[in-house]
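# Commentary on secondary and tertiary structure
In case you want the letters, here they are:
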Amino acid sequence: MYIDFVEQPLSEITAECEVVFIVNKQFDHKWVTDKDLFESYGFKGESEESLFLIHQNKLYLAIEKIDHEEIRNAAAKATRILKKSAFKTARVGLYTGGDCIGRIPKAMVEGFVLGEYSFDTYKSKPSEDALETIFISSEECADKEIPVKRMAKIVENAKKMGCAVNWTRELVNTPPDDATPVKLAEKAEALAKECNLEVNVYDEKWLEDQKMGCFLAVSRASVHPPRLIHLTYKPENPKARIVLVGKGLTYDSGGLSLKPGDYMTTMKADKGGGCAVMGILKAVAETNLSCEVHGIIGATENMIGGNAYKPDDVLKARNGKTVEVKNTDAEGRLVLADCLSYAQELKPDYLFDLATLTGACVVGLGEYTSGVMGWNKDLKNKVIEAADFGGEYAADLPFNRYLKKLLKSDVADMPNIGSARYGGAITAGLFLSEFIGEDYKDKWIHLDIAGPAYVEKEWGVNPFGASGAGVRLVTMFINRLEANFECEDQ
Ligand code: BES
Ligand code: ZN
Ligand code: ZN
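Model, not experiment: these values are computed from the prediction.

### Focus: the site of ligand 1
In the neighbourhood of ligand 1, 15 residues make up the surrounding shell, with Lys259, Asp270, Asp329, Glu331 and Gly359 lying closest. Within the side chain of lysine 259, an N or O atom sits 2.7 Å from an oxygen atom of ligand 1. In this structure, aspartate 329 approaches ligand 1 through a side-chain N or O atom, which is 2.8 Å from an oxygen atom. For ligand 1, whose accessible area on its own is 520 Å², the fraction buried by protein is 75%. Tallied by class, the residues present in the shell around ligand 1 amount to 4 nonpolar, 4 polar and 7 charged.

Listed below in structure tokens is the structure:
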């Protein structure tokens, strides 16, 4: 589907259908031309309501207020409805409001693109959609004296953002045998070619040379060898250096601490953090951001077998610390520990890790919200704010000294799980913190995306399955960093 920003009044654009958002039941707007019919269709204009008047060639979507989340969700719904129709083209006006001129139009365009995605690659008869193009009229720019060129850029970048999220979703949804660590690395190499990124792929021999004992232990029982993928985006005179580390478990069976069957399905999505890091690199490169961004993905499988790592094993991490394995299903933190230690050698100004790390995070925050952890409260707040403006949910999970005490081992420097039943998301974060050097403690953020990365039902702009969680959040953070945390579309 194409999105075309057209410098013409809405009524002059030739299209088979028109999309109109009704804000706060304002039926008197110039684009609302069928208000006399609303009552007979029982349409009240309540938030999340829609009315498709096929014979009038009009699709109405009601939103409560001019708000980026409302319009993003409604736009995604519009694409879903139009995809089921025979219309090939649709037109829509721009909606603006608030103090950051690009935020609402960006959300609308993202919504259209995000609503288009569904995972049907493995269906023998994929659905054939008629919808080809959505034309966006610049009429509102003229009315409100907004520079058209600036708006065209905002629309263009929003399209790229949406596409990067859909690209990530497809990768996360890909079944484990078609997205092995080696295949993930090939995907990274193809991405690097397409987006002009540097890429280095390291194999198990290199992991051994690096003394990544934790990463290697997790990988041992898989027939698919592990890979550490390092992608780099390097603009001229970068504003800051950001290093992103992603958990890329292409499958998590739990290892010898085997998951029950019900909990094992969906674990193809345990690569969600790694895929999100790749998607962020794609978005950052395609929108020409001015920060240097590194993506480090620990790609491996957690399997069972005669040479599997075991509960009771003691592992030695890259930074020299020893870890007593108490549960082989707490594998993500072991892979991340070694990746984070490597990541700090790149001397980041900001160090973020993204991981589907704990079921406890899903229990605590629900399946739609990512957990944000770290030592720097101001940075956590900036990340949570970026999540909001980007259209994701994220919430602070605070560290405390008592939870830290749960990470005591009698035989090694630390166990790989906390000793209490509660607080599992935070003890996992505190475990990772053990691998962050003093110089980087205030620069580091851990994002537990276990809930929103993969949800088995449609929600907001997200279809069944992978959502691409983390991509809009982190890309928005980088955008805002470049704008000194003011309006991000400067
Ligand atoms: N990949 C899982 C976490 C997960 C759970 C992601 C649900 C997405 C949805 C992780 O490796 C894991 O198994 N964690 C264990 C840790 C426990 C053994 C301390 C968990 O959360 O149960
Ligand atoms: Zn696990
Ligand atoms: Zn896992």
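### Details of the environment of alanine 192
In this structure, alanine 192 sits in helix 6 (residues 181-195). Residue class for alanine 192 comes out buried when judged on its relative accessible area of 4%. Considering only alpha carbons, one finds alanine 192 and tyrosine 233, 41 residues apart in sequence, at a separation of 9.0 Å. Excluding residues that lie within four positions of it along the chain, alanine 192 makes contacts with Leu197, Val199 and Leu231.

### Details of the coordination of the zinc ion (ligand 3)
Around the zinc ion (ligand 3), the protein contributes the donor atoms Lys247 (NZ), Asp252 (OD), Asp270 (OD) and Glu331 (OE), at 2.0 to 2.4 Å from the metal centre. Viewed at the metal, the 6 donor atoms of the zinc ion (ligand 3) are separated by angles of 77 to 173 degrees, and the geometry they form is octahedral. All donors of the zinc ion (ligand 3) belong to a single chain; written as a sequence motif, their spacing is K-x4-D-x17-D-x60-E. Between the two metals, the zinc ion (ligand 3) and the zinc ion (ligand 2), the spacing is 3.2 Å, and aspartate 252 donates to both. Of this pair, lysine 247 sits in strand 9 (residues 241-252) while glutamate 331 is found in the loop between strand 12 (322-324) and helix 11 (332-344), placing the two residues 84 residues apart along the sequence.

### Description of the state of the cysteines
Here the structure, examined in full by the defined rule, presents 1 disulfide. Disulfide partner of cysteine 100: cysteine 487, at an S-S distance of 2.0 Å. Because the torsion about its S-S bond is 75 degrees, the bridge between cysteine 100 and cysteine 487 counts as right-handed. Remark: cysteine 487 occurs in the segment after helix 16 (471-482) and cysteine 100 occurs in the loop between strand 5 (89-92) and helix 3 (103-116); sequence separation between them is 387 residues. Here cysteine 100 falls in the buried class, since its relative accessible area comes to 2%. Taking the relative accessible area as the measure of exposure, cysteine 487 reaches 14% and is therefore buried. Cysteine 195 provides the cysteine sulfur closest to cysteine 163, a residue in no disulfide bond, and the two sulfurs are 11 Å apart. Of all cysteine sulfurs, the one in cysteine 487 lies closest to cysteine 291, which takes part in no disulfide; the gap is 17 Å.

### A look at the coordination of the zinc ion (ligand 2)
Those donors, Asp252 (OD), Asp329 (O), Asp329 (OD) and Glu331 (OE), are the protein atoms that reach the zinc ion (ligand 2), and they lie 2.0 to 2.2 Å from it. Each of the 6 donor atoms around the zinc ion (ligand 2) contributes to a set of angles spanning 70 to 168 degrees, which defines the coordination as irregular. Of note, the donors binding the zinc ion (ligand 2) are all from one chain and are spaced D-x76-D-x1-E.

### Re the nonpolar core
Membership of the largest hydrophobic core comes to 61 residues, with the highest contact counts inside it found for Leu231 and Ile478. Element by element, the count of residues in this core is highest for helix 10 (residues 272-286), at 9 residues. Every residue in contact with isoleucine 478, bar those within four places of it in the chain, is listed here: Ile242, Ile280, Val284, Leu289, Cys291 and Val293.

### Some details on the sheet that holds strand 10 (residues 292-302)
Strands in a sheet are paired, the pairing made by backbone hydrogen bonds, and the direction either parallel or antiparallel. Pairing is mixed across the open sheet formed by 8 strands, whose spatial order is 7-8-10-9-13-17-14-15. The sheet is open, and its two edges are formed by strand 7 (198-202) and strand 15 (393-396), each paired on a single side. Looking at each pair of strands side by side, their axes are set apart by 20 degrees on average, direction ignored. One ladder, built from 11 bridges, connects strand 9 with strand 10; its direction is parallel. Bridge pairing in strand 10 places lysine 247 opposite glycine 298. Strand contacts of helix 6: strand 7, strand 8 (227-233), strand 9 and strand 10, with the helix running at about 15 degrees to strand 8, the strand carrying the most contacts. Helix 10 rests against strand 8, strand 9, strand 10 and strand 13 (350-355) of the sheet, and its axis sits at about 140 degrees to strand 9.

### Re the sheet that holds strand 11 (residues 314-316)
The strand order across the open sheet built from 3 strands is 11-12-16, with neighbouring strands paired in mixed fashion. Two strands lie at the open edges of the sheet, namely strand 11 and strand 16 (414-415), each paired on one side alone. Strand direction decides the pairing type here: strand 12 and strand 16, joined by 2 bridges, are parallel. Residue pairing across strands places valine 323 opposite methionine 414, the latter belonging to strand 16.

Thresholds applied
Residues numbered from 1 in each chain as written. Chains lettered and ligands numbered in written order. Predicted model: local features only at pLDDT ≥ 70, side-chain atom pairs only at ≥ 80, totals over all residues. Heavy atoms only, no water. Near = heavy atom within 4 Å. Polar contact = N/O pair within 3.5 Å; in protein donor to acceptor, adjacent residues only side chain to side chain. Areas by Shrake-Rupley, 256 points an atom, 1.4 Å probe, with all protein chains shown as cover. Nonpolar A, V, L, I, M, F, W, Y, C, P; charged D, E, K, R; others polar. Helix = DSSP H or I, 4+ residues; strand = E, 2+ residues; numbered from the N terminus. Buried < 20%, exposed > 50% of the residue type's maximum accessible area, 1.4 Å probe, protein only. Contact = heavy atoms within 4.5 Å. Donors = N, O, S within 2.8 Å, 3.2 Å for Na, K, Ca; no water. Tetrahedral: all angles 85-135°; square planar, octahedral: opposite > 155°, others 65-115°. Disulfide = S-S within 2.5 Å. Core = buried A, V, L, I, M, F, W, Y, C linked by side-chain atoms within 4.5 Å. Pairing = 2+ DSSP bridges. Axes fitted to C-alpha atoms, helices over the stretch in contact; angles between N-to-C directions.

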